[in-house]
Structure formats: structure tokens, C-alpha cells
Amino acid sequence: MRILILGAGKMGSFFIDLLSFEHEVAAFEKDPKRLRFTYNCQRFQYPDEIRKFKPEMVINAVTVKYTLPAFREVLPLIPEDCIISDISSVKTGLENFYNKSGHPFVSTHPMFGPTFANLNQLSEENAIIIKEGDLRGRDFFHKLYASLGLNIYEYTFKEHDRMVAYSLSIPFVSTFVFAAVMKHQDAPGTTFKRHMMIAKGVLNEDDYLLQEILFNPYTKGQVSKIREELTELIKIIDNRDEKGMKDYLRKIRKNVAGDIEIKAH
């Protein structure tokens, strides 16, 4: 299959490496420096090169802020039956765009990134495929993600946004709060150092991505739960309530254990 990948950043380069030995792959990237280390693929910088390539699938791997503009730029250059796809963690506006595009589409979300994941060992990582997509496109990504050993789940666009509000906004907001109140430690403990590593990784993400995840319409409800839990914890601390603390620790340990059990199955 002739596959055009938009963007040669971290995830774009990952998909180039992943697909280039079994498919005819081309990368469209306007920053020539990002194309220096791409291997076994054609390198495009100009629209006419896309038109001549006649891709059968487009994988949009640019940053979230430019996902829709990148699609709009290439749509006039690709065949009508070309499958268009994205790997964005934020699906805002994509469902409406796809439905009006006139192209078969598939939307997926690899639930991992180069910051924390070991890209050579992904068996503990997850991927989401949006149910509304084209069957051929969904089958393509099912086989691709299965070959990586990923755990694959299917959600609708709305189900995906609700899930992201839970799985990303809660750790992101918790990290923001940690970073906002932290002070330099000359001799930090292990727990502090681990939190610091996570904070640096999260804050290394694109600003627009962080913004759009927090502006997800389902995020506010999740953040409100954090506020409620902090209020309860502060009350326990103020009252030096030993029984309340034991009950609280029992509750949160049960939550963590329940999450582990779900993943194990």
C-alpha cells in the first residue's frame, strides 16, 4: 500500500519506521531538518510530490494544533478513494470534518508516546480504534496494532473523549499541581524524583495538546472530583483524624487494586 505520513516528528517517525518495510511510504514534512534521520521512505516537501505519489492512505501525525489544517492542505492532492486517518489524542472537530470530507476515514489513538513508553516493548500499552471509521481502515490498524502486541479497544468518538478526560486529564492536572507547589530539593527522596520525572515528561508535551485535553468538555467533571478529594483530605489532616485517614487510605488502595485487576484481565 502507498502510505503518506504527514509530519516527521516523534510519532510520525515511529510510523515511518514501522511501516516502511512492508509498504511504500512517503513522509510530507515542511521542516527539512526533521527528514534527516528518516529511513527507507520518500521525503516530500512540496504539494506536487504528493499528487504524483497518489497515496492509498494518509496518516496524519502532525501536532494536534495542525491536524485539521494539514488535512485540508492535502485533500485536493489525493485520490477520492484514499483513506485518511489520524492518530490524535484529541478528537475535537474530527468527526464533523471526516463526515464532510468525502473520503473514507479511520481514526485511532495509540495510548502511548515516546516520552514514557518503550517503543520496542509495547505489550502493556493500549490503542483505541474509533468505531465509526471505514472497515478497511479499521482492519489495517487492527492488524498493525496487534503486530505490536498492543491491547486494542474500540470506542465511538464520544466514548473516546470521555475516556481521555479520565485517563489523561486526571494525571495531567495532578502533575500541574505538583509542579506548581514544588520547591527545589537538595536531597530529594525516591518518590519525589519519580514525580519530578513524570512532571518533566508531561510538561515537555506540546502546549496546545495539553490545552485541548483540559478543554475537553468532559474534563471539568473529572477535575471537580480532584477538588472534592482534596477537600476531604484537608479536613482529615486539619482534624488529625486517624480513623478518617485509615478509611481514606483503605478507599484509595482499593481503587488502585481494582485498576490493577482490570488491566490483568
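That block above? That's the structure.
Residues numbered from 1 in each chain as written. Predicted model: local features only at pLDDT ≥ 70, side-chain atom pairs only at ≥ 80, totals over all residues. Heavy atoms only, no water.

Colleague: Help me understand the pattern of salt bridges, please; the structure alone is not making it clear to me.
Modeller: Pairing between side chains of opposite charge can happen when their charged atoms approach one another. For the structure shown, the criterion picks out 9 salt bridges. Among the ionic pairs, Glu 29 bridges to Arg 34, the shortest N-O distance being 4.0 Å. Owing to a relative accessible area of 9%, Glu 29 belongs among the buried residues under this scheme. Two residues, Asp 86 and Lys 91, come together in a salt bridge whose shortest N-O distance is 2.7 Å. For the pair shown, Asp 86 and Lys 91 are each scored as buried. (Salt bridge = Lys/Arg side-chain N within 4 Å of Asp/Glu carboxyl O. Buried < 20%, exposed > 50% of the residue type's maximum accessible area, 1.4 Å probe, protein only.)

Colleague: Could you clarify how one ought to interpret the packing of helix α7 (residues 169–181) against helix α8 (residues 190–203) in this entry?
Modeller: In a packed pair of helices, the relevant descriptors are the angle between the two axes and the axis-to-axis distance. Direction vectors running N to C along α7 and α8 enclose 115°, while the axes themselves pass 10 Å from each other. Taken together, α7 and α8 sit at an angle that is classed as roughly perpendicular. Between α7 and α8 the crossing geometry is left-handed. Contacts between α7 and α8 pair Phe 172, Thr 175, Phe 176, Phe 178 and Ala 179 from the former with Phe 192, His 195, Met 196, Ile 198, Ala 199, Val 202 and Leu 203 from the latter. In terms of residue class, the contact of α7 with α8 is made up of 10 nonpolar, 2 polar and no charged. (Axes fitted to C-alpha atoms, helices over the stretch in contact; angles between N-to-C directions. Helix = DSSP H or I, 4+ residues; strand = E, 2+ residues; numbered from the N terminus. Parallel < 35°, antiparallel > 145°, perpendicular 65-115°, else oblique. Left-handed = near helix turned anticlockwise from the far one by under 90°. Contact = heavy atoms within 4.5 Å. Nonpolar A, V, L, I, M, F, W, Y, C, P; charged D, E, K, R; others polar.)

Colleague: Just to check I follow, could you spell out the nonpolar core for this structure?
Modeller: Side chains that are nonpolar tend, in soluble globular proteins, to be buried together. Core analysis: the largest hydrophobic core is formed by 34 residues, its most contacted members being Leu 4, Ile 50, Ile 84 and Tyr 98. Element by element, the count of residues in this core is highest for helix α3 (residues 67–74), at 4 residues. Leaving out residues up to four positions away in the same chain, Leu 4 has contacts with Ala 26, Ala 27, Phe 28, Phe 44, Ile 50, Phe 53, Pro 55, Met 57, Val 58 and Ile 59. If you look at the next biggest cluster of nonpolar residues, it comprises 28 residues, including Ala 8, Cys 41, Phe 140 and Tyr 145. (Core = buried A, V, L, I, M, F, W, Y, C linked by side-chain atoms within 4.5 Å.)

That is the geometry; function is a separate question.
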